[in-house]
Amino acid sequence: MSVVAQLHKAAHGPLEALRARTRPEDSVTGPTFAGAQITADADIVVDGLLLDFKSARHPLAEMSQRTAWQLIGYLLLDATDRFRIDAIGLYLTRSGVLASWPVDEFFALLGACRRDLTELRGVFAELLTGCRGQADARYFGTEQETEHVRQLLQRLAPIAGPGCCLVCTQPLPESTRQPRTFCTTRCRERSQTLRRRGLLPGGPTPLLPAPSKESLDLPDGAELVSLTAGISR
């Protein structure tokens, strides 16, 4: 699809309705995040909606795990809540589709156990302490940095209280039959993967991914420099 055709879709599709119900002063294009430990800029924030634009040929591939983490990263980088983000969305320029989710619902779709935004932003800032790189820079952690992340993850490991799902730690729905262990079939299936990875009782000790340098095509004599002091990947 040509760029002109994509512009026509943007002019007369769902973005038209979004423009109609918002004011120009409610929009910030290319927002950056003051105080962030890494350099990152989102596409646009419109009246609390964090919106990212994608133009790939295959729309279903746009909502990849990497895209989800990218959007959550922007949300967590707004530590001062300057943009008051309460929804996250994608606009697919080729198909003219706008999809958005409330922040709480987006966390739920990702299976987040902890959903307090202020708490998550604080943890994210701690994870990025000392980082001075680009948001998409390839990172190789030292053993000390890897151990820092491991300890942080152990400290943050959520505890499922009585009557809560072992996977998402959310309250279990009431049941007149045998007491339930998981709130949904998805959580039951996900528990097997989490247990194999050591993230639930009964599994092995969790391991962080080992640094890998084979994929880099470096010129002769080049040296790798750690850009951060507190993030493992």
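Scroll up to find the structure this text is about.
Keep in mind that what you see is a predicted model, and the values were worked out from it rather than measured.

Trainee: Provide a residue-level description of the pairing of strand S5 (residues 97-102), including the pertinent values.
Mentor: Residues in a regular strand point their side chains to alternate faces of the sheet. In the sheet, strand S4 (residues 87-92) pairs with S5 via six bridges, with the strands oriented antiparallel. By the bridge assignment for S5, Tyr91 is matched with Leu98.

Trainee: Provide a residue-level description of the packing of helix H3 (residues 65-77) against helix H5 (residues 117-127), including the pertinent values.
Mentor: Look at H3 against H5: their axes get within 9 Å of each other, and the N-to-C directions meet at 95°. As summarised for this structure, H3 and H5 are arranged roughly perpendicular, according to the angle between their axes. Of the residues in H5, those touching H3 at Gly73, Leu75, Leu76 and Leu77 are Leu117, Leu120, Arg121 and Phe124. Classifying every residue of the contact of H3 with H5 gives six nonpolar, one polar and one charged.

Trainee: For unusual backbone geometry, give the residues involved together with the corresponding values.
Mentor: Phi at Asp47 takes a positive value of approximately 50°, unusual for a residue other than glycine. For Asp47, the position within the fold is in the loop between strand S2 (44-46) and strand S3 (49-54). One non-glycine residue with positive phi stands out, namely Arg84, at about 50°. Note that Arg84 resides in the loop between H3 and S4.

Thresholds applied
- Residues numbered from 1 in each chain as written.
- Predicted model: local features only at pLDDT ≥ 70, side-chain atom pairs only at ≥ 80, totals over all residues.
- Heavy atoms only, no water.
- Pairing = 2+ DSSP bridges.
- Helix = DSSP H or I, 4+ residues; strand = E, 2+ residues; numbered from the N terminus.
- Axes fitted to C-alpha atoms, helices over the stretch in contact; angles between N-to-C directions.
- Parallel < 35°, antiparallel > 145°, perpendicular 65-115°, else oblique.
- Contact = heavy atoms within 4.5 Å.
- Nonpolar A, V, L, I, M, F, W, Y, C, P; charged D, E, K, R; others polar.

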